[in-house]
Amino acid sequence: MDSSDEEYATQSKLLKDFMSIPSIDKAWIFNSCSGPQAMVAMSQANLLANKRRKFMLSGHISKESNQPVNFHWAPFPTEMTGASAFVPSPSGLKLLVIRNPPEKESPTKFEIWSSSQLDKEFHIPQKVHGSVYVDGWFEGISWNSDETLVAYVAEEPSRTKPTFDHLGCYKKNNSLDRMDIGSWEGQGDWEEEWGEAYAGKKQPALFVINVESGEVEHIKGVPRSISVGQVVWSPNSKDSAQYLVFVGWLGGKRKLGIKYCSNRPCAIYAVRLKEPKDDANEAFHLHNLTKSISSGYSPRFSKDGKFLVFLSAKTAADIGAHWVAESLHKIKWPSDGKLTESIDIVDVVQVVNCPDDGSFPGLYGTDLLSDPWLSDGHTIMLSSYWRSFRVILNLNLLSGELSRVSPNDSDYSWSILALNGDDIVAVSSSPVSVPEIKYGKKVLDPAGKPSWQWSNIQKPIFKCSDKVMLGLSSLQFKILKVPVSNVSECLTEGAKKPIEAIYVSSSKPKENGKCDPLVVVIHGGPHSVATCSFSKTLAYLSSIGYSLLNVNYRGSLGFGKEALQSLSGNVGSQDVNDVLSAVDHAIEMGLADPSRITVLGGSHGGFLATHLIGQAPDKFVAAAARNPVCNIASLVGITDTPDWGFFHAYGDKKHYTEAPSPEDMSRFHQVSPVSHISKVKTPTLFILGAMDLRVPISNGLQYMRALKEKGVEVKVLVFPNDNHPLDRPQTDYESFLNTAVWFNKYCKL
């Protein structure tokens, strides 16, 4: 075994231990005769099968007075083999399990479970609908209040295709009989898809299944021009009509990629479920509830059914940035169920332009539970990004008062999992600490103002290997405040403020005062954010001897609208300078050895990594680029988001066209990493997914071949079945194993 084989073997053992750490995906709390019961949905990498293994952990919550809250977990979790989604009913007495078919011709399976057995099983054939949407923007599975019906979103059946007999003659009825030997089915008209992560997905549509009979109804009244998602039931009352409320996206002239894109115009609609006896003309009339604004999603009804709250990314939709600050709104729901064309939208939380230090920066990447309400009926709990953290917030819908619920002095990230009455079940983690479940008990001060006292769960879920715990125990992290360079008068105040970088390092004393090698980690987007939360792969790099500098350059979420929008039209310069400022700041503080600095980034992070090795050719000893944007000029014609290139090159959406001019192509080249390729000498590892629709593989390969042509050392990994995130278990494992070995080679670790 040569030295490289030995290194791969050594590194793979520890990486496998990190990869085996489970993730907490969702949680639910239900009240039973014996007290509150918890259900936690988790997943774990199954390297051999190259899939995520899904399982459910259940337990009883004990809350005796003057005693710490404890979760009494079942001895073993239950694996949910083949389950695409599992959704408990509101009472917790039923569990819906959906199994999407692995083959296109197979039916979708719906299972209804009670506490001790399978009660019902239904097979829905492809002629009724295709796979159910179980994640992303189009996800929407909702029980009605009496738990007899479930509304959901599934792929509408494909349109009928032309058929031809054995002589090549067109068959008028377009039916392909299995007995017609020699006949075949043609292709028919091509239809737009929704891009990255939605290959083959063209028409998300609305369905309702009766959980007693298995009868499925395709809800009428929604035109094919609208793609449906996020369905919920309106309040149920004997005196009012029942509606299905959902989010709809218009495909327009083209269905642009929607994954990671909140800027796609959308609206909240309501369709009456059943034909009213008193007025047949009103049957299935579609109401647009948010026609006065360009974006509305995540609808939630209040407990009393008097109003509907929702999120909006109207700023993103209006200006063209793919993700910016969100706003939160409410509308009054009519008690008689009669909707009118005139609906007043009330602003509850608006976008924050330039937050003061330490103050609320606005809502970003907001996560709402299916039932996010406290018992008072007007207080909503949510999770959002707040600078380099994820936090839990408490919003009073009547007063508009918003406050931070997760501890103000915590340097961990927090996300809400479930509510137990007015108490909170949350998950908390840091770059050096695996996720832990926390319990927040609501208390009132003498003035009646609520706060939450947080405690650890006595029996934690995670049991990591000794090697993992030993590696994490020797790590520490802190937030660096980095002044931005080249501050000009034309910048907004928010764009002049310092950026943040998360610095992770060993807590052990330095040998001979020498710093560990540094990995500069750059998030994608560009409108995304690096948070103080646990990442298995980055923690692995830290544990093998690397310090990390995770940079939140201007344009990152969670820092206010002005800082975010300052990047528009300035990619390849402002973001590059911000990363270089963070690196220089770390060097000046004695936190990095200038001779051992590497860079790692994916998507827009790969765009910056390849920019950096061209604009600062002596700064980095090695680089790793994951599905990088290297040449916008060659990207815009093949990506599912061509508007991304136009927006970031020009800073607005008015330039976007399907037929870019020579001037456009020149501008794209000017802001792309390929324009600096003549200066590159940094050895670079390329990690590419052949199924990527966002940044197709040709973009990275073109840049890589240009580097090889000029003699720069390169290494290429291509994963034939991976798309943009490169997150299939074997891909995740192999790519970070190679990244570690690649960096070790040039840092002489």
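Residues numbered from 1 in each chain as written. Predicted model: local features only at pLDDT ≥ 70, side-chain atom pairs only at ≥ 80, totals over all residues. Heavy atoms only, no water.

## Describing the overall build of the protein chain
In step 1: Secondary structure summary: the protein chain contains 13 helices and 39 strands in total.
In step 2: For 749 residues, the compact-globule formula gives about 27 Å, and the C-alpha radius of gyration of the protein chain, at 27 Å, lands near that figure.
In step 3: By residue count, 56% of the 749 residues in the protein chain fall in the buried class.
In step 4: Here the contacts in the protein chain between residues at least 6 apart in sequence split such that 62% fall between residues at least 24 apart.
In step 5: For the protein chain, the accessible area works out to roughly 32,700 Å², and carbon and sulfur atoms hold 50% of it. (Helix = DSSP H or I, 4+ residues; strand = E, 2+ residues; numbered from the N terminus. Rg over C-alpha atoms; globule rule 2.2 N^0.38 Å. Buried < 20%, exposed > 50% of the residue type's maximum accessible area, 1.4 Å probe, protein only. Contact = heavy atoms within 4.5 Å. Areas by Shrake-Rupley, 256 points an atom, 1.4 Å probe, with all protein chains shown as cover.)

## Some points on the UniProt feature "domain: Peptidase S9 prolyl oligopeptidase catalytic" (unreviewed entry) in the protein chain
In step 1: Residues annotated by UniProt as "domain: Peptidase S9 prolyl oligopeptidase catalytic" (unreviewed entry) correspond here to residues 533-748.
In step 2: With 44% helix and 13% strand, residues 533-748 has end C-alpha atoms that lie 29 Å from one another. (UniProt positions renumbered as here; feature names shortened; annotations may be inferred.)

## Thoughts on the sheet that holds strand β9 (residues 118-124)
Strand pairing in a sheet is mediated by backbone hydrogen bonds. Such pairs are either parallel or antiparallel.
In step 1: The four strands are arranged β6-β7-β8-β9 in an open sheet whose pairing can be described as antiparallel. Two strands bound the open sheet, and with one partner strand each, they are β6 (85-88) and β9. Going across the sheet, the axis of each strand differs from the next one's by a mean of 15°, ignoring polarity.
In step 2: As defined by bridge partners, β6 adjoins strand β7 (residues 95-99) across four bridges and the pair is classed as antiparallel. When the sheet's bridge partners are listed, P88 is paired in β7 with L95. (Pairing = 2+ DSSP bridges. Axes fitted to C-alpha atoms, helices over the stretch in contact; angles between N-to-C directions.)

## Comments concerning the sheet that holds strand β24 (residues 367-373)
In step 1: Strand order across the open sheet formed by four strands is β24-β25-β26-β27, with antiparallel pairing between neighbours. The open sheet has two edge strands with one neighbour each: β24 and β27 (402-404). Sheet twist, expressed as the average angle between the axes of neighbouring strands with direction ignored, equals 25°.
In step 2: Relative to β27, strand β26 (residues 389-396) is paired through three bridges, and the arrangement is antiparallel.

## Quick word on unusual backbone geometry
In step 1: Residue P526 follows G525 across a cis peptide bond; omega there is 5°.
In step 2: With respect to the helices and strands, P526 occurs in the loop between β34 (518-522) and α5 (536-543).
In step 3: With a phi close to 40°, N627 is a non-glycine residue in the positive phi region.
In step 4: Of note in this structure, L726 is not a glycine but carries a positive phi near 55°.
In step 5: One can find L726 in the loop between β39 (714-719) and α13 (729-747).
In step 6: Taking the relative accessible area as the measure of exposure, L726 reaches 1% and is therefore buried.

## Points about the side chain of T531
In step 1: Mapped onto the elements of the fold, T531 is located in the loop between β34 and α5.
In step 2: Residue classification places T531 among the buried residues on the basis of a relative accessible area of 17%.
In step 3: Looking at T531, its side chain comes within polar contact range of the side chain of S533, at 2.7 Å.
In step 4: Setting aside chain neighbours within four positions, we find T531 in contact with Y385, S388, F389, R390, S413 and I502. (Polar contact = N/O pair within 3.5 Å; in protein donor to acceptor, adjacent residues only side chain to side chain.)

## Things to note about helix α7 (residues 574-588)
In step 1: Taking 1.5 Å per residue as the helical rise, α7 with its 15 residues ought to reach 21 Å, and the 21 Å between its terminal C-alpha atoms agrees with that figure.
In step 2: For α7, the tally of buried residues reaches 11 of 15 residues, placing the bulk of the element in the interior.
In step 3: Of the positions making up α7, those classed as buried are Q574, D575, V576, D578, V579, L580, S581, A582, V583, H585 and A586.
In step 4: A positive phi of about 75° marks G590, the residue just after α7. (Expected span 1.5 Å × (residues − 1).)

## A closer look at the packing of aromatic side chains
In step 1: With the rule as written, the count across this model stands at 27 aromatic pairs.
In step 2: Taken together, a centroid distance of 6.0 Å and an interplanar angle of 65° make the contact between W137 and W249 edge-to-face. Here W137 is found in the loop between β9 and β10 (141-143), whereas its partner W249 is found in strand β17 (residues 243-250), with 112 residues between them in sequence.
In step 3: Judged by relative accessible area, which is 12%, W137 ranks as buried.
In step 4: Taken together, Y133, W137, F138, W194, Y198, W249, Y297 and W323 form an aromatic cluster joined through their ring pairs.
In step 5: Here the basic side chain of K201 rests over the ring of Y133, its NZ or CZ set 5.4 Å away from the ring centre. (Phe/Tyr/Trp six-rings, centres within 6.5 Å; stacked < 30°, edge-to-face > 60°. Lys NZ or Arg CZ within 6 Å of the ring centre and 35° of its normal.)

## Topic: the domain arrangement of the protein chain
In step 1: With domains assigned, the protein chain is organised as domain 1 (128-159 + 194-351) and domain 2 (466-631 + 672-747).
In step 2: One C-alpha centre belongs to domain 1, the other to domain 2; they are set 38 Å apart.
In step 3: Between domain 1 and domain 2, the contact holds 16 residues from the first and 12 residues from the second.
In step 4: Summing the contributions of domain 1 and of domain 2, the shared interface buries around 960 Å²; its carbon and sulfur component is 61%.
In step 5: It is E196, Y260 and W323 in domain 1 that bury the most area against domain 2; as a group they hold 51% of the surface buried on that side.
In step 6: Seen at the junction of domain 1 and domain 2, the total is zero salt bridges. (Domains from an automatic or database assignment. Buried area = accessible area lost by both parts, 1.4 Å probe. Salt bridge = Lys/Arg side-chain N within 4 Å of Asp/Glu carboxyl O.)

## Points about the pattern of salt bridges
In step 1: The final tally for this structure, using the stated rule, is 21 salt bridges.
In step 2: Among the salt bridges present, the one from R53 reaches E79, with a minimum N-O distance of 3.3 Å. Residue R53 is located in strand β3 (residues 51-62), and its partner E79 is located in strand β5 (residues 78-79); the two are separated by 26 residues in the primary sequence.
In step 3: When the shortest N-O distance is used, the salt bridge between D357 and K497 registers 3.9 Å.

## A look at the packing of α7 against helix α8 (residues 604-615)
In step 1: The contact between α7 and α8 brings their axes to 10 Å, and the two run at 75°. Compared by their axis directions, α7 and α8 come out roughly perpendicular. Residues D575, V576, V579 and L580 of α7 lie in contact with α8, whose contacting residues are H604, F607, L608, H611, L612 and Q615.
In step 2: For the contact of α7 with α8, the class distribution of residues is six nonpolar, three polar and one charged. (Parallel < 35°, antiparallel > 145°, perpendicular 65-115°, else oblique. Nonpolar A, V, L, I, M, F, W, Y, C, P; charged D, E, K, R; others polar.)

## Details of helix α3 (residues 466-473)
In step 1: Along α3, the positions that sit buried rather than exposed are V468, G471 and L472. Angularly, the buried residues of α3 cover 95° about the axis, an arc narrow enough to put them on a single face. Facing away from the buried side of α3 by over 90 degrees, the exposed positions are D466, L470 and S473. (Arc of directions from axis to C-beta.)

## Comments concerning the side chain of H527
In step 1: Of note, H527 is situated in the loop between β34 and α5.
In step 2: A polar contact of 2.8 Å, which involves the side chain of H527, links it to the backbone oxygen of G555.

## What to know about the confidence of the model for the protein chain
In step 1: Residues at a pLDDT of 70 or more form 96% of the protein chain, whose mean pLDDT is 91.
In step 2: Low pLDDT, under 50, characterises residues 278-282; the predicted model gives this stretch five contacts beyond four residues in sequence or across chains. (pLDDT = per-residue confidence, 0-100.)

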